[in-house]
Protein chains: 2
Amino acid sequence: MARAATTSDVFNAIAEPQRREILVLLRAGERPVTELAQELGMPQPGASKHLRVLREVGLVRDRKAGKQRLYGLDARGLRPVHEWSGGFEQFWNESFDRLDAYVHVLEQAGQEE
Amino acid sequence: MARAATTSDVFNAIAEPQRREILVLLRAGERPVTELAQELGMPQPGASKHLRVLREVGLVRDRKAGKQRLYGLDARGLRPVHEWSGGFEQFWNESFDRLDAYVHVLEQAGQEE
DNA sequence: TTGATACATGCCTATATAGGTATATGTTGG
DNA sequence: CCAACATATACCTATATAGGCATGTATCAA
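Each chain has its residues counted from 1, following the order in which its sequence is written. Here the convention is simple: chains get letters from A, ligands get numbers from 1, in the order in which they are written. This being a predicted model, a pLDDT of at least 70 is required before a residue's local features are given, and a value of 80 or more before pairs of side-chain atoms are given or counted; all residues contribute to the totals for chains, interfaces and linings. Hydrogens and water molecules were not included; the side-chain quantities draw on all heavy atoms of the structure.

A. Focus on the packing of aromatic side chains. Put simply, two rings from Phe, Tyr or Trp (the six-membered ring, in Trp's case) pair if the centres are within 6.5 Å, and we call them stacked under 30 degrees between planes, edge-to-face over 60, tilted for the rest. All told, the structure shown has 6 aromatic pairs over all chains when counted by the stated rule. Between A:Phe88 and A:Phe91, the aromatic rings sit 6.5 Å apart at their centres with planes inclined by 55°, giving tilted as the arrangement. A 1.4 Å probe rolled over the protein chains alone gives each residue an accessible area, and that area as a share of the maximum for its type sets the label: buried under 20%, exposed over 50%, partly exposed in between. Under the relative-accessibility criterion, A:Phe88 is labelled buried at 0%. Ring geometry for B:Phe11 and B:Trp84: centres 5.8 Å apart, planes at 85°, overall edge-to-face. Taken together, the positions of B:Phe11 in helix H1 (residues 10-13) and B:Trp84 in helix H5 (residues 79-86) put the pair 73 residues apart, joining distant regions of the chain. Comparing B:Phe11 with B:Trp84, the two get one shared label, buried. Aromatic ring contacts, followed pair by pair, group A:Phe11, A:Trp84, A:Phe88 and A:Phe91 into a single cluster. Criterion for a charge above a ring: Lys NZ or Arg CZ within 6 Å of the ring centre, and within 35 degrees of the ring normal. Directly above the aromatic system of A:Phe88 lies the positively charged group of B:Arg27, at a separation of 4.6 Å from the ring centroid. The numbering of helices and of strands both runs from the N terminus, where a helix is a DSSP run of H or I of at least 4 residues and a strand a run of E of at least 2.

And the structure:
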């Protein structure tokens with residue numbers, strides 16, 4: 001099997017660089033698809049597809065505005081990501097010390113492999 | 001093309017649930033592959049593969065310990081994830097108000113599609 | 001109704017896995 | 001050197017996209 005469907009997982013949805021780009025762009029406010037596609041330098045169908053994924057995981061909302069469809073950010077789904085990664089904060093702060101010690105051990109061990 | 005190679009991107013590496021599990025387990029300290037495989041309820045080759053991906057993006061370090069190979073956490077690579085998602089913090093806090101207003105607009109507009 | 005504009009979808013292709021199984025590699029002890 | 005244990009890899013299969021292109025659909029204006 002390939003990776004789990006991006007459709008049901010925020011972590012998968014933001015694994016795609018261009019989708020992260022879209023989210024960043026939307027912080028500035030709602031945007032129609034065409035404008036997003038243009039700013040991302042990709043064809044419109046591509047932008048629509050990414051927006052669909054983002055919509056399905058709930059990171060984006062859309063509303064009709066006449067001929068256009070405005071997409072807007074709903075960042076609540078990113079909170080779990082922030083919290084999960086935050087659970088490692090103490091570790092990346094300790095990292096320097098730990099790695100120093102660790103590298104030391106390796107050197108003394110003769111640095112195999 | 002499929003998604004970009006997970007090998008060169010931390011966001012892709014943590015898109016896989018079991019890899020996130022591994023990182024969490026490693027917060028408790030270094031572990032040999034077999035033990036991780038057992039705790040994750042997956043065959044050893046599977047654990048080795050996930051560990052390889054994590055190693056290639058730098059989230060994990062390994063050192064030989066006799067017959068075993070101990071894997072340890074190097075959480076520094078998660079910092080960018082935390083910071084990126086943190087860039088949306090103000091938005092998920094505002095979300096309730098915004099969405100309330102937003103839903104209101106939709107209702108008044110006649111709630112199309 | 002016709003034409004133009006703005007999107008969403010369908011279809012097709014190439015590719016990157018996730019998993020499972022079998023096997024190669026490396027290490028230790030006798 | 002041989003057997004046993006711990007891992008990493010090679011292979012093979014099924015599947016989920018990312019992208020490109022063509023086309024369907026909805027909305028608005030004349």
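B. Geometry of the pairing of strand E3 (residues 68-73) of chain B. Residues and elements named next belong to chain B. Between any two strands, at least two bridges found by DSSP are needed for them to pair. Note that strand E1 (residues 31-32) and E3 share 2 bridges and pair antiparallel. Each bridged residue has a counterpart across the sheet, and for Arg 31 the counterpart in E3 is Tyr 71. The pairing of strand E2 (residues 60-65) with E3 spans 6 bridges and is classified as antiparallel. Residue pairing in the sheet places Val 60 in a bridge with Leu 73 of E3.

C. Examining the environment of B:Val33 more closely. Within the secondary structure layout, B:Val33 lies in helix H3 (residues 33-40). Not counting the four nearest positions on each side in its chain, B:Val33 is found in contact with B:Gln44, B:Ala47, B:Ser48, B:Leu51, B:Arg69 and B:Tyr71. Should any heavy atoms of two residues lie within 4.5 Å, those residues are considered in contact.

D. Looking closely at the interface of chain A and chain B. Every contact between the two is made by 41 residues of chain A and, on the other side, 40 residues of chain B. Accessible surface is computed with a 1.4 Å probe, and the buried area is the amount of it that two parts give up when combined, taken over both parts together. Both sides of the chain A and chain B interface together cover about 4,100 Å² of buried area, and 68% of this is carbon and sulfur. On the chain A side of the contact with chain B, A:Arg3, A:His82 and A:Trp92 bury the most area, a combined 17% of that side's loss. Salt bridge, as used here, is a side-chain nitrogen of Lys or Arg placed within 4 Å of a carboxyl oxygen of Asp or Glu. Summed over the shared surface of chain A and chain B, the number is 2 salt bridges.

E. Spotlight on the sheet that holds strand E3 (residues 68-73) of chain A. Residues and elements named next belong to chain A. If you walk across this open sheet you meet the 3 strands as E1-E3-E2, and the pairing is antiparallel. The open sheet has two edge strands, strand E1 (31-32) and strand E2 (60-65), and neither has a second partner. Here an axis means a line fitted to C-alpha atoms, over the contact stretch when the element is a helix, while the angle between two N-to-C directions is reported on a 0 to 180 degree scale. Across the sheet, helix H2 (residues 17-26) touches E1, E2 and E3, and the angle it forms with E3 is around 90°.

F. Highlighting the nonpolar core. The criterion is simple. A nonpolar core is a set of buried Ala, Val, Leu, Ile, Met, Phe, Trp, Tyr and Cys residues joined through side-chain atoms within 4.5 Å. In terms of nonpolar packing, the biggest core is built from 58 residues, with A:Leu23 and B:Leu23 touching the most fellow members. Each of domain 1 (1-73) and domain 2 (78-113) of chain A contributes no fewer than three residues to this core. Excluding anything up to four places from it in sequence, B:Leu23 contacts A:Trp84, A:Phe88, B:Ile14, B:Leu54, B:Leu59, B:Val60, B:Leu73 and B:Leu78. Delimitation of the domains relies on an automatic or database domain assignment.

G. Spotlight on the sheet that holds E1(B). Residue and element names in this part refer to chain B. The 3 strands lie next to each other as E1-E3-E2, forming an open sheet whose pairing is antiparallel. Two strands lie at the open edges of the sheet, namely E1 and E2, each paired on one side alone. Here helix H2 (residues 17-26) sits on the sheet and contacts E1, E2 and E3; the angle it forms with E3, its principal contact strand, is near 90°.

H. Spatial organisation of the relation of the copies chain A and chain B. In screw terms, the move from chain A to chain B is a rotation of 180° and a rise of 0.0 Å along the axis, fitting with an RMSD of 0.0 Å. The relationship between the two copies is best expressed as a two-fold rotation axis. Nearest to the rotation axis, the C-alpha of A:His82 is located 2.6 Å from it, this being the minimum over chain A. We superpose the copies by least squares over the C-alpha atoms of residues that have a pLDDT of at least 70 in both of them.

I. Fine view of the packing of H2(B) against helix H4 (residues 44-56) of chain B. Residue and element names in this part refer to chain B. Between H2 and H4, whose axes approach to 10 Å, the crossing angle comes to 75°. One way to sum up the angle between H2 and H4 is to call them roughly perpendicular. Residues Gln 18, Arg 19, Ile 22 and Leu 23 of H2 touch H4, and the partners they reach there are His 50, Leu 51, Val 53 and Leu 54. Note that the term roughly parallel is reserved for angles under 35 degrees, roughly antiparallel for angles over 145, roughly perpendicular for angles of 65 to 115, and oblique for everything else.

J. Local environment of the packing of H2(B) against H3(B). All names here are of chain B. Packing of H2 against H3 brings their axes to within 11 Å, and their N-to-C directions diverge by 120°. Here H3 runs oblique to H2, going by the angle between their axes. In this structure, H2 meets H3 at a crossing whose hand is right-handed. Residues Gln 18, Glu 21, Ile 22, Leu 25 and Leu 26 of H2 lie in contact with H3, whose contacting residues are Leu 36, Glu 39 and Leu 40. Any residue outside Ala, Val, Leu, Ile, Met, Phe, Trp, Tyr, Cys, Pro, Asp, Glu, Lys and Arg is labelled polar, Gly included; the first ten of those are nonpolar and the last four are charged. Of the residues that constitute the contact of H2 with H3, the class distribution is 5 nonpolar, 1 polar and 2 charged. Crossing handedness: left-handed means the near helix sits turned counterclockwise from the far one by under a right angle, and right-handed means the same turn made clockwise.

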